[in-house]
Number of protein chains: 2
Amino acid sequence: MICVLAGGVGAARMLDGLVRVVAPSEITAIVNVGDDLELHGLHISPDLDTITYTLAGAINPATGWGLVDESWQAMAAVERYGGITWFGLGDRDLGTHLYRTQRRHDGATLSEVTAEITRAWDLDLRLLPVTDDPLRTMVTVPGEGELSFQEYFVQRHHDVAVSAVRFAGADQARPAPGVLDAIVGADVVVVAPSNPIVSIDPVLAVPGVREAVVAARERTVAVSPIVAGAALKGPADRLLRELGHEASVVGVARLYAPIAATLVIDEADADLADAVEAEGLRCVVAPTVMRDPDAAAALARVVLAGAPA
Amino acid sequence: MICVLAGGVGAARMLDGLVRVVAPSEITAIVNVGDDLELHGLHISPDLDTITYTLAGAINPATGWGLVDESWQAMAAVERYGGITWFGLGDRDLGTHLYRTQRRHDGATLSEVTAEITRAWDLDLRLLPVTDDPLRTMVTVPGEGELSFQEYFVQRHHDVAVSAVRFAGADQARPAPGVLDAIVGADVVVVAPSNPIVSIDPVLAVPGVREAVVAARERTVAVSPIVAGAALKGPADRLLRELGHEASVVGVARLYAPIAATLVIDEADADLADAVEAEGLRCVVAPTVMRDPDAAAALARVVLAGAPA
């Protein structure tokens, strides 16, 4: 069994590789919900949906989020009213949020609804939100105060300095059913190449999750989201620096050393392999840029080989 | 000043006639909200929207509700998930509900949001929900129990017998700002040809509204929604019979005698004019079927002439 700690786009691509090299039914992804938001009265779970749409082959390849061949009639109508349009919701994508929200009103948990949605898309892997309880990543921007993650990420295009990140609700959150079992029972725990600060940290912040991953450290393989000192997508490099870390595979190694025994870094960073190992992790050097599903599958093979037998 | 007590389609057509014969800024419509519903987490106000879309020239003429040239991508996605699709929400129409719901979450009242929406559609008349408080028409169907109005009207196609109707929340509801003033200050109060049981009665059920209309009785003109013993649209005839009334202009006259001094009936019912007057109302006979805006305008002239100078 494989357990993957997952954020959004990078994790979706990693999982799209994994399902090509192991049976999807062997895979559980434990997904960040710190990015979730309530907008227009709807419960929106961007990371869960990005993974679902990617694995269903329905993601918009141009953006990495949302559905391909999407229409935007509802948003155009909201715009006419002067409503909130900075968080784009395509018409078919809206169907997902309408369904999720109604089911939540009916009393279903987020993990129950997620299972229903992935089943409707014929996915055989298991997606688990890390928690069914409210957990929201909050970002402090000096001069602006505290913003929700999407206000920072989408509305400000993550183009503002950040002085702190916290996970509101984390203290009270319980791991969703199956989360701890998936970590404990995994032959390999994979930390996907997601943003360590705002994708992986909120997953680890749910009480019990970090402890379970630490206990599985010897079987845990992380993939660096930093390649040649930069994030392939999003603000991971900038956030690492702003919060006092090094925006390099060595900085990532320091962050992940307590939870992972192995770090996979890109060939571009091969000269830093010794520095990574000096942080106490085994270092595996491989192509990590997932340009297409074949590249993702190749990386998946490397990751699985990186774990001790 | 003209004040119109309004339900959905019939009232929308009546108003579409009135705006052609008096300045729209002279008109206030007090609109039923007993049909409102929460679905997919969204606040949906069908009667307000039907009137808005009709007056904006954007209504779907084939159905009398929803927007013309609408797309249905979101609903198709909900259907894929096995979600609730019996209440059809087109993509552009969804934009209205998304906007309304977000504004309600922001703390705006329904009447505030309604003003914003009608302004966005460039309407010059004033639409007021009868109340900003929760008011829900509930219908008892023997064997099924109590249904919400839309479960009865849309999901069951109003094709089931009804033994009782009540307006949940009416006792606690307060008239929205402007409602009582609009009735008191009106030169003519018009009771639109809407369903007396489930469109007009919930408006009158808000404490203070019936009393205000009774006080304005001499200036109040009702238009019968029953023509030749049948409703032009919807279940008004059937509901009248099932709840012990007569499904005729005479039955309508009995219901409206306490609140209206004048009843406009269709030429098809000319032979019942004396029976109507025997109920204590002046009876005006005129074409009442609003086949197009010109017919609606002609009816509007009759209605305004029906009130004492």
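Below is a short write-up of the structure. The structure displayed is predicted, hence computed values, not measured ones.

The rules behind these values
Residues numbered from 1 in each chain as written. Chains lettered and ligands numbered in written order. Predicted model: local features only at pLDDT ≥ 70, side-chain atom pairs only at ≥ 80, totals over all residues. Heavy atoms only, no water. Helix = DSSP H or I, 4+ residues; strand = E, 2+ residues; numbered from the N terminus. Rg over C-alpha atoms; globule rule 2.2 N^0.38 Å. Areas by Shrake-Rupley, 256 points an atom, 1.4 Å probe, with all protein chains shown as cover. Lys, Arg positive; Asp, Glu negative; His and termini not counted. Charge placed at Lys NZ, Arg CZ, Asp CG, Glu CD. Phe/Tyr/Trp six-rings, centres within 6.5 Å; stacked < 30°, edge-to-face > 60°. Buried < 20%, exposed > 50% of the residue type's maximum accessible area, 1.4 Å probe, protein only. Contact = heavy atoms within 4.5 Å. Least-squares fit on C-alpha atoms with pLDDT ≥ 70 in both. Salt bridge = Lys/Arg side-chain N within 4 Å of Asp/Glu carboxyl O. Pairing = 2+ DSSP bridges. Axes fitted to C-alpha atoms, helices over the stretch in contact; angles between N-to-C directions. Parallel < 35°, antiparallel > 145°, perpendicular 65-115°, else oblique. Nonpolar A, V, L, I, M, F, W, Y, C, P; charged D, E, K, R; others polar. Polar contact = N/O pair within 3.5 Å; in protein donor to acceptor, adjacent residues only side chain to side chain. Buried area = accessible area lost by both parts, 1.4 Å probe.

**Brief notes about the overall build of chain A**
Check the secondary structure of chain A and you find 13 helices and 14 strands. Scaling as 2.2 N^0.38, a compact globule of 309 residues should have a C-alpha radius of gyration of about 19 Å, and chain A matches this with 18 Å. Its C-alpha atoms give chain A principal-axis dimensions of about 55 × 45 × 40 Å. Put simply, chain A shows about 11500 Å² of open surface, and 50% of that area lies on carbon and sulfur atoms. Separation between the mean location of the 23 positive side-chain charges and that of the 41 negative ones in chain A comes to 2 Å.

**With respect to the packing of aromatic side chains**
Residues and elements named next belong to chain A. All chains considered together, the criterion is met by 10 aromatic pairs over all chains. Here the aromatic rings of Phe149 and Phe153 are separated by 5.0 Å at their centres, their planes lie at 20 degrees, and the arrangement is stacked. You can see Phe149 and its partner Phe153 sitting in helix α6 (residues 149-155), 4 residues apart, about one turn around the helix. What makes Phe149 buried here is its relative accessible area of 4%.

**Section: helix α5 (residues 110-120) of chain B**
Residue pairs three or four apart in sequence face the same way in an α-helix, which turns once every 3.6 residues. For α5 of chain B, a buried count of 8 out of 11 residues is recorded, marking the element as mostly surrounded by other parts of the structure. Those residues of α5 of chain B not exposed but buried are Leu110, Ser111, Val113, Thr114, Glu116, Ile117, Thr118 and Ala120 of chain B. Buried-residue contacts for α5 of chain B involve α3 (73-80) of chain A together with β4 (42-44), α2 (46-55), α4 (91-106) and β5 (126-129) of chain B. In the segment just after α5 of chain B, Asp122 of chain B is the residue with positive phi, at about 60 degrees.

**A few points about the relation of the copies chain B and chain A**
When chain B is fitted onto chain A, the two copies agree to an RMSD of 0.0 Å after a turn of 180 degrees and an axial shift of 0.0 Å. As the rotation angle and translation indicate, the two copies are arranged about a two-fold axis. Every residue of chain B has its C-alpha some distance from the rotation axis, and the shortest such distance is that of Gly41 of chain B, at 2.8 Å. An overlap of 97% is found between the interface residues of chain B and their copies at the interface of chain A, pointing to a shared contact surface.

**Comments concerning the pattern of salt bridges**
Oppositely charged side chains can pair when the atoms bearing their charge come close. Residues and elements named next belong to chain B. Applying the stated criterion to the full structure yields 28 salt bridges over all chains. Arg217 is paired through a salt bridge with Glu218; the nearest N and O atoms lie 3.4 Å apart. Judged by its relative accessible area of 18%, Arg217 falls in the buried class. Look at Glu218 and you get partly exposed, because its relative accessible area is 44%.

**Thoughts on the pairing of strand β6 (residues 136-141) of chain A**
Residues and elements named next belong to chain A. Direction of pairing for β6 relative to strand β8 (residues 164-168): antiparallel, over a ladder of 5 bridges. Bridging across to β8, Thr137 finds its partner in Phe167. Where β6 and strand β7 (residues 145-148) come together, 4 bridges link them in antiparallel fashion. Each residue of the ladder has a partner; that of Val139, found in β7, is Leu147. Counted between consecutive antiparallel strands, the loop separating β6 from β7 contains 3 residues, among which Gly143 sits at a positive phi close to 90 degrees.

**Some remarks on the packing of helix α1 (residues 9-21) of chain A against helix α13 (residues 293-306) of chain A**
Residues and elements named next belong to chain A. Axis separation between α1 and α13 bottoms out at 7 Å; the angle between their running directions is 75 degrees. What the angle tells us is that α1 and α13 run roughly perpendicular. Of the residues in α13, those in contact with Arg13, Met14, Asp16, Gly17, Leu18, Arg20 and Val21 of α1 are Pro293, Ala296, Ala297, Leu299, Ala300, Arg301, Val303 and Leu304. A breakdown of the residues in the contact of α1 with α13 according to their chemical character gives 10 nonpolar, 1 polar and 4 charged.

**Some remarks on the side chain of Ser199 of chain B**
Within the fold, Ser199 of chain B resides in helix α8 (residues 196-204). Beyond its immediate sequence surroundings of up to four residues, Ser199 of chain B is in contact with Gly7, Asn32 and Ser194 of chain B.

**Quick notes on the environment of Arg217 of chain B**
Residue and element names in this part refer to chain B. Within the secondary structure layout, Arg217 lies in the loop between α9 (209-215) and β10 (220-223). Look past the residues within four positions of Arg217 in its chain and what remains in contact with it is Ala257, Pro258, Ile259, Ala260, Ala261, Gly280 and Leu281. Side chain to side chain, Arg217 and Glu218 meet in a polar contact 3.4 Å long.

**Considerations on the interface of chain B and chain A**
Each side of the interface is counted separately: chain B has 29 residues, and chain A has 28 residues. In total, chain B and chain A occlude about 2500 Å² of area from one another, counting both sides; carbon and sulfur atoms represent 67% of this. Here chain B and chain A share 0 salt bridges between them. Scanning the region where chain B abuts chain A turns up 6 residue pairs in polar contact (both at pLDDT 80 or more). Those elements that provide at least two residues to the side of chain B that touches chain A are α3 (73-80), α4 and α5 of chain B. Each residue belonging to the side of chain B that touches chain A can be placed in one class, and the counts come to 15 nonpolar, 11 polar and 3 charged.

**Details of the environment of Arg104 of chain B**
Residues and elements named next belong to chain B. With respect to the helices, strands and loops of the structure, Arg104 is situated in helix α4. Residues Arg104 and His43, 61 residues apart in the sequence, show an inter-C-alpha distance of 8.4 Å. Those residues within four positions of Arg104 in sequence are excluded, and the remaining contacts are His43, Thr109, Leu110, Val113 and Asp132. A polar side-chain atom of Arg104 sits 3.2 Å from a polar atom in the side chain of His43.

**Details of the sheet that holds β6 of chain A**
Two strands in a sheet stick together by hydrogen bonds in their backbones, pointing the same way (parallel) or opposite ways (antiparallel). Residues and elements named next belong to chain A. The strand order β7-β6-β8 describes an open sheet built from 3 strands, whose pairing is antiparallel. Of all strands in the sheet, those bounded by a partner on one side alone are β7 and β8. Ignoring strand direction, the axes of neighbouring strands in this sheet form an average angle of 30 degrees. Along the sheet face, helix α8 (residues 196-204) touches β6 and β8 and points at about 30 degrees away from the line of β8.

**Comments concerning the side chain of Asp49 of chain A**
All names here are of chain A. Here Asp49 is to be found in helix α2 (residues 46-55). You can call Asp49 buried: its relative accessible area is 4%. In this structure, Asp49 is in contact with Asp93, Thr96, His97 and Arg100, ignoring residues within four places of it in sequence.

**What about the sheet that holds strand β8 (residues 164-168) of chain B?**
Residue and element names in this part refer to chain B. A sheet is described by the order of its strands in space; here 3 strands give the open sequence β7-β6-β8, paired in antiparallel fashion. A strand with exactly one partner marks an edge of an open sheet, and here the two such strands are β7 (145-148) and β8. Strand-to-strand twist across the sheet, computed as the mean angle between neighbouring axes with direction ignored, equals 30 degrees. Contacts from α8 reach β6 (136-141) and β8, with the element oriented near 30 degrees to β8.

**Some remarks on unusual backbone geometry**
We note that His158 of chain A has phi near 40 degrees; this positive angle belongs to a residue other than glycine. Looking at the secondary structure, you find His158 of chain A in the loop between α6 and β8. Even without glycine at this site, His157 of chain B takes up a positive phi of about 55 degrees. Among the secondary structure elements, His157 of chain B is positioned in the loop between α6 (149-155) and β8.

So yeah, pure geometry; function would need other evidence.
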